[in-house]
Amino acid sequence: MDDDPPECKEKYRGIRPANIYILVTSAAAVVVAILVPLVGAVVDNTRFRKSVAAGSKAILAAISLVQTSLNRDNWFIMTVLQVPAIAMYMTHILASSAYLPETSDEQAQLNHAGSYSTMYLFGEFPTYL
């Protein structure tokens, strides 16, 4: 008996189901490649580091909340929402990493805070990693 699922040869909106992951990650990579230098310039040259981190986190949380209503009728929209979710995740990491050195002058405290921040991020959004 063959346990492999049958291959889907059909297309939805011109896309094969097997190619959706590649398409979403490629689109997100392009968006991130455009967005991160712009956000980096704002974070490095303005006083809005904390605002950028908080705003990107809020948008990511809102997208994640919307995506909890995934079903067979709205899966395509939820898939498209992955692109801004990945972009906001990367924006949040960038902004919060730039904000971290301002929290202390002591290297040991920065290492401690950085490790806990990384553990928090990995534990909170494992699907975006």
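Since we're looking at a predicted model, the values are computed, not measured.

We now examine helix α1 (residues 20-45). Here α1 contains 26 residues, and its C-alpha end-to-end distance of 37 Å stays within 8% of the 38 Å for a straight helix at 1.5 Å per residue. Within α1, the axis deviates most sharply at Leu35, by approximately 30 degrees, and proline Pro37 lies no more than four positions further along. Burial in α1 covers these residues: Ile20, Val24, Ala28, Val32, Val39, Gly40 and Val43. For α1, the elements touching its buried residues are α2 (49-67) and α3 (75-99).

This part takes up the packing of aromatic side chains. Considering all chains together, one arrives at 1 aromatic pair under this definition. With 5.8 Å between their ring centres and 90 degrees between their planes, Trp75 and Phe76 make a pair best called edge-to-face.

Right, let's talk about the side chain of Asn74 for a bit. Take Asn74: it is sitting in the loop between α2 and α3. The class of Asn74 is buried, set by a relative accessible area of 16%. Reaching out from Asn74, the side chain makes a polar contact with the backbone nitrogen of Asn71 at a distance of 2.8 Å.

For α2, built from 19 residues, the straight-helix expectation of 27 Å at 1.5 Å per residue is met to within 8% by its first-to-last C-alpha distance of 27 Å. Regarding α2, the residues found buried are Arg49, Val52, Ala53, Ser56, Lys57, Leu60, Ile63, Ser64 and Gln67. Along the long axis of α2, the arc covered by the buried residues comes to 125 degrees, so they all point the same way. The exposed set on the far side of α2, more than 90 degrees from its buried face, consists of Lys50 and Leu65.

Quick notes on the rules
- Residues numbered from 1 in each chain as written.
- Predicted model: local features only at pLDDT ≥ 70, side-chain atom pairs only at ≥ 80, totals over all residues.
- Heavy atoms only, no water.
- Helix = DSSP H or I, 4+ residues; strand = E, 2+ residues; numbered from the N terminus.
- Expected span 1.5 Å × (residues − 1).
- Bend = angle between axes of the 7 residues up to and from the residue.
- Buried < 20%, exposed > 50% of the residue type's maximum accessible area, 1.4 Å probe, protein only.
- Contact = heavy atoms within 4.5 Å.
- Phe/Tyr/Trp six-rings, centres within 6.5 Å; stacked < 30°, edge-to-face > 60°.
- Polar contact = N/O pair within 3.5 Å; in protein donor to acceptor, adjacent residues only side chain to side chain.
- Arc of directions from axis to C-beta.

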